[in-house]
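Architecture and fold: a report
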Amino acid sequence: MELHTLRPAEGSIKRNVKRIGRGQGSGKGGTSTKGHKGDKSRSGHKDKRGFEGGQMPLQRRIPKRGFKNINRVEYQAVNFSRLQEAAERHNVTTFDFPTLCSVGLASKSERIKILADGELTMKLHVSAHAFSTSAKAAIEAAGGTVTML
């Protein structure tokens with residue numbers, strides 16, 4: 001091995017990159033392919049998302065509609081049909097929040113509302129964040145209990 005035969009490892013050097021802004025002799029010196037003056041010729045320039053060259057951007061041109069209430073409480077709806085199915089499959093009669101999560105009817109970050117869609121034939125003890133009036137009446141009519149969380 002001699003100094004004049006040393007070579008970098010195969011694939012470690014990529015020389016296809018144009019070296020911009022390295023003097024006039026490179027052919028890409030001076031303005032460094034950025035043209036003359038203006039925002040895009042300056043260092044640190046970044047296009048802002050949605051910027052349309054000074055034209056009014058689309059997100060400001062289109063009409064705004066509606067209202068989003070920041071105090072709205074979202075619920076995960078659980079119907080009687082799913083409660084009945086889970087009760088039969090897992091042999092459970094008491095549905096509190098951890099049970100509803102472990103059975104797969106809700107996740108830990110959700111509030112749960114029980115709805116009376118379907119038929120309830122079992123005596124169930126249900127705890128949830130909210131109940132529809134018909135669901136509450138149907139659970140109590142079947143001999144179960146209702147607990148608000």
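Data block above holds the structure.
Our focus in this paragraph is unusual backbone geometry. Notably, Ser-32 is not glycine yet its phi reads approximately 55°, a positive angle. Mapped onto the elements, Ser-32 comes out in the segment before helix 1 (58-61). Exposure remark for Ser-32: the relative accessible area of 18% places this residue in the buried category. Of note in this structure, Thr-33 is not a glycine but carries a positive phi near 65°. Along the chain, Thr-33 turns up in the segment before helix 1.

Residue position: Ser-127 is located in strand 4 (residues 125-128). Contact partners of Ser-127, with chain neighbours within four places excluded, come to Phe-95, Asp-96, Phe-97, Leu-100, Thr-147 and Leu-149.

Criteria and thresholds
- Residues numbered from 1 in each chain as written.
- Predicted model: local features only at pLDDT ≥ 70, side-chain atom pairs only at ≥ 80, totals over all residues.
- Heavy atoms only, no water.
- Helix = DSSP H or I, 4+ residues; strand = E, 2+ residues; numbered from the N terminus.
- Buried < 20%, exposed > 50% of the residue type's maximum accessible area, 1.4 Å probe, protein only.
- Contact = heavy atoms within 4.5 Å.

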